[in-house]
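Architecture at a glance
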Amino acid sequence: MALLSEGLTQWFLVSKVRVSGEASDYDGYKDSLIDAGEFEEGVDNFEVSIKVAEIQNAISVGATSFLFTEYKYLGIFTGVFGFIIFLFLGSVKGFSTKSEPCTYNTGNICKPALANAFFSTIAFLLGAITSVLSGFLGMKIATYANARTTLEARKGVGKAFITAFRSGAVMGFLLAANGLLVLWVSVNLFKLYYGDDWEGLYESITGYGLGGSSMALFGRVGGGIYTKAADVGADLVGKVERNIPEDDPRNPAVIADNVGDNVGDIAGMGSDLFGSYAESSCAALFVASISSFGISHDYTAMSYPLIISSMGIVVCLITTIFATDLFEIKHVSEIEPTLKRQLLISTVLMTAGIAMVSYFALPSEFTLYNFGTAKAVKNWHLFFCVAIGLWAGLVIGYTTEYYTSSAYSPVQDVADSCRTGAATNVIFGLALGYKSVIIPIFSIAVAIYVSFSLAAMYGISVAALGMLSTIATGLAIDAYGPISDNAGGIAEMAGMSHEIRERTDALDAAGNTTAAIGKGFAIGSAALVSLALFGAFVSRAGISTVDVLTPKVFIGLLVGAMLPYWFSAMTMKSVGSAALKMVEEVRRQFNTIPGLMEGRAKPDYATCVKISTDASLREMIPPGALVMLTPLIAGTFFGVETLAGVLAGSLVSGVQVAISASNTGGAWDNAKKYIEAGGNEHAKTLGPKGSDAHKAAVIGDTIGDPLKDTSGPSLNILIKLMAVESLVFAPFFATHGGLIFKWF
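Reading the values: the criteria
Residues numbered from 1 in each chain as written. Predicted model: local features only at pLDDT ≥ 70, side-chain atom pairs only at ≥ 80, totals over all residues. Heavy atoms only, no water. Helix = DSSP H or I, 4+ residues; strand = E, 2+ residues; numbered from the N terminus. Expected span 1.5 Å × (residues − 1). Bend = angle between axes of the 7 residues up to and from the residue. Buried < 20%, exposed > 50% of the residue type's maximum accessible area, 1.4 Å probe, protein only. Salt bridge = Lys/Arg side-chain N within 4 Å of Asp/Glu carboxyl O. Contact = heavy atoms within 4.5 Å. Polar contact = N/O pair within 3.5 Å; in protein donor to acceptor, adjacent residues only side chain to side chain. Pairing = 2+ DSSP bridges. Axes fitted to C-alpha atoms, helices over the stretch in contact; angles between N-to-C directions. Parallel < 35°, antiparallel > 145°, perpendicular 65-115°, else oblique. Left-handed = near helix turned anticlockwise from the far one by under 90°. Nonpolar A, V, L, I, M, F, W, Y, C, P; charged D, E, K, R; others polar. Phe/Tyr/Trp six-rings, centres within 6.5 Å; stacked < 30°, edge-to-face > 60°. Lys NZ or Arg CZ within 6 Å of the ring centre and 35° of its normal. Disulfide = S-S within 2.5 Å. pLDDT = per-residue confidence, 0-100.

This part covers helix α23 (residues 692–728). Over its 37 residues, α23 extends 54 Å from the first C-alpha to the last, a length consistent with the 54 Å expected when each residue adds 1.5 Å. A bend of about 35° at glycine 704 is the largest found in α23, and the proline proline 706 appears one to four places after it. For α23, the buried fraction is high: 33 of the 37 residues fall into the buried class.

This structure, assessed with the given rule, holds 26 salt bridges. When the shortest N-O distance is used, the salt bridge between aspartate 272 and arginine 220 registers 3.3 Å. Taken as a pair, aspartate 272 in helix α7 (residues 254–289) and arginine 220 in helix α6 (residues 206–241) lie far apart in primary sequence, 52 residues in all. When its relative accessible area of 0% is taken as the criterion, aspartate 272 is described as buried.

With that settled, the discussion passes to the environment of serine 281. By secondary structure assignment, the location of serine 281 is in helix α7. With relative accessibility at 0%, the residue serine 281 sits in the buried group. Counting along the chain gives 98 residues from serine 281 to leucine 183, while the straight-line C-alpha distance between them is 8.8 Å. For serine 281, the residues in contact, after removing those within four places along its chain, are Leu183 and Leu465. At a separation of 2.9 Å, a polar atom in the side chain of serine 281 contacts the main-chain carbonyl oxygen of tyrosine 277.

This part covers the pairing of strand β4 (residues 373–378). Bridging between strand β3 (residues 365–370) and β4 involves 6 bridges; their strand directions are antiparallel. Looking at the pairing, phenylalanine 366 lines up with valine 377 of β4. Taking the residues that link successive antiparallel strands as the turn, the β3-β4 hairpin has 2 residues, and the phi of phenylalanine 371 there is positive, at about 50°.

The next subject is the packing of helix α14 (residues 422–435) against helix α21 (residues 640–677). Axis angle and axis distance: for two packed helices, these are the angle between their axes and the distance between the axes, and together they describe the pair. With their axes 8 Å apart at the nearest point, α14 and α21 run at an angle of 135° to one another. Taken as axis vectors, α14 and α21 run oblique relative to one another. Where α14 crosses over α21, the handedness of that crossing is right-handed. Only Ser660, Asn663, Thr664, Ala667 and Trp668 of α21 make contact with α14, whose side of the interface consists of Asn425, Val426, Gly429, Leu430, Leu432, Gly433 and Tyr434. Its residues assigned to classes, the contact of α14 with α21 comprises 6 nonpolar, 6 polar and no charged.

This next bit is on the environment of leucine 507. Positionally, leucine 507 belongs in helix α17 (residues 498–540). Excluding its chain neighbours within four sequence positions, the residues that come into contact with leucine 507 are Thr149, Val157, Ala160, Phe161, Ile335, Tyr480 and Ser484.

Attention now moves to the side chain of threonine 636. For threonine 636, the location among the structural elements is in helix α20 (residues 621–638). A polar contact is formed between the side chain of threonine 636 and the backbone oxygen of leucine 632, at a distance of 2.7 Å.

This paragraph deals with the packing of aromatic side chains. One pass over the structure, following the stated rule, counts 29 aromatic pairs. Seen from their ring centres, phenylalanine 293 and tyrosine 458 are 6.1 Å apart, and the 75° between their planes marks the pair as edge-to-face. Here phenylalanine 293 is found in helix α8 (residues 292–295), whereas its partner tyrosine 458 is found in helix α15 (residues 438–467), with 165 residues between them in sequence. Assigned by exposure class, phenylalanine 293 and tyrosine 458 land together as buried. By the ring-pair criterion, three or more aromatic residues cluster together here, those being Phe77, Phe81, Phe88, Phe124, Phe218, Phe729, Phe732 and Phe733. Sitting over the face of the ring of tyrosine 398, lysine 340 holds its NZ or CZ atom 5.3 Å from the ring centroid.

Our next topic: the state of the cysteines. Per the counting criterion, the structure on display carries 1 disulfide. Sulfur-sulfur distance for the disulfide between cysteine 102 and cysteine 110 comes to 1.9 Å. Disulfide cysteine 102 to cysteine 110: torsion about the S-S bond roughly 105°, handedness right-handed. Comparing cysteine 102 with cysteine 110, the two get one shared label, buried. For cysteine 316, which is in no disulfide, the shortest distance to another cysteine sulfur is to cysteine 282 and amounts to 20 Å.

Chain-level statistics for the protein chain give a pLDDT mean of 86 and a share of 94% at 70 or above. Highest mean pLDDT in the protein chain belongs to α14 (96); lowest belongs to helix α1 (residues 2–15) (56). Segment residues 21–44 is flagged for pLDDT under 50; beyond a separation of four residues in sequence, or across chains, it makes 54 contacts in the model.

One can find threonine 324 in helix α10 (residues 304–326). Placed 165 residues apart in sequence, threonine 324 and lysine 159 show a C-alpha to C-alpha distance of 9.6 Å. Ignoring any residue separated from it by four or fewer positions in sequence, one finds threonine 324 in contact with Ile162, Phe165 and Arg166.

And the structure:
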């Protein structure tokens, strides 16, 4: 409740920024947003303020319309897949209603498999609904805040920053609160039926993570295709061919581009991080349920993952104050350091919080399940597991910032390579992405080794939870980016002064880096979550060892390592096909609408919005089907050993492809903005906008768009979704799987 109160407080503060001088109901809020007599720097007349509100309304309506259409399709999918879960799991014991001997708590009787099928289905539906709600609320918050950030930019960059950051904080607090509250309520409601059968209770609750991630996959892919089709089309024709500014109102794709920021970068990202949080919590709870915590029914120790998340909420509340109340931004150069400081402060405070929780919530000594044996563990072991996950996240975040921020040499080198054309820009950008994988992978490897050595698979699952424990702060700085991007677009479309656009561009450039940091956290946590889920799957499927020398396992490894490339090819081609149609439509309008370039006629925004909408809804299905069907096919026809190889291969390959793609795209984007800003002598020699170097940078940026906003961030969902789906269906695969090897 405290978290919801803080979210509402931040919402109230953002709402105090008013958008028009007349009573209006834009965006569903009937209030007057700017007093007519208020001094507004950079605004020549009051009509501009009215224009801002109109643009905000168009973006909000477009984003809401798309999400409602997308959710209709996802509603059908959720119902069908929920039935599949019930059918498969119910058939494990022939839909018997008889109680069964417990698998791990030997000597005791557990609830029937049919009950697990039913409650796993309910948990799946709850996770799906919560994931959709997280994405939708994030979108509404962002579309409510974008115009307010634009208007606050007239009073200075500091005011605009606070508005954008507070809006991101609202999203972060609401998402963390929703995820924790629904999971806690689900556990307690399920307990009314399961009673002392904690093994069955927490096995069925894993469906919550499956529901969250399945919605996140379609949200990320569909939203990513939408936003990047519009972005690529707008940039290639507008910037390169017509030499007009970004977000120029003459560009027919500009509204679709700004809508895409909200449905892809906000709604998709919100569902994505919720899915990571849900899966890491479910993995930790399941492993704990078959350890001494579950067997002895120690509810406080059992709730350790949830208490860690609750402590993270408190820490994020304190951390937010540093950005909004204690430090005032007076210059654009202070934006990125302030956001980086949020990560450091939350990590330091959370380390102390973890120590407190580990001391008070855990017994001094206990045992954890370790692939058939009991491992003796002390409470301080778990402190180090969570802490190393937390600090590994910080290392990944800072490494991502180094490779994607224009303040450092890697991005500046990419920008400099634009002097000789787009080809060298692409070469330098790809090399940067590959190199940026090194430190994050070592960080993840160290976290895995230490946490597994101290507390087996449970240690890895709580390490993942540690990386996500400051999710509210992570979401605040992540959502800040698209909100700032939209604010700049609104300023350009409303015809506000050049000074205002410079301020919003500075906010946006920092936002690109923070968005890359957020993706780094999501990918790093996905690696740890997937490994924890993999361990839980191996245990539940009754596999004693996973031997890579076994042909069944090795062929799974090869296929699993190939899947991220197959998935990336599908999503990249989807963006390319949609962008091709968008480019053709934008060119057609420029060529056939008289007076469009001169500003005497308005473009047909609706046609471009329809192109993005139709393409995203159509093209999100094949990649989603690939991810959802692979575990079902591999487990049913080839068995649990081959499926274990598939999961391991996709994890090892997917993490590295995802990091590389996200950082390459982020670096290309900021290299372009580095040239456009002309903030130092080196940047000025490459510019100004419209120069050959700038056009080469725009081409690199458009290539990187689907990498950083569609394929890259979707890959982390691929690896964890396949793992949690395998865990949910493990009883069926163990009983009926491997049909091909049984037949031949």
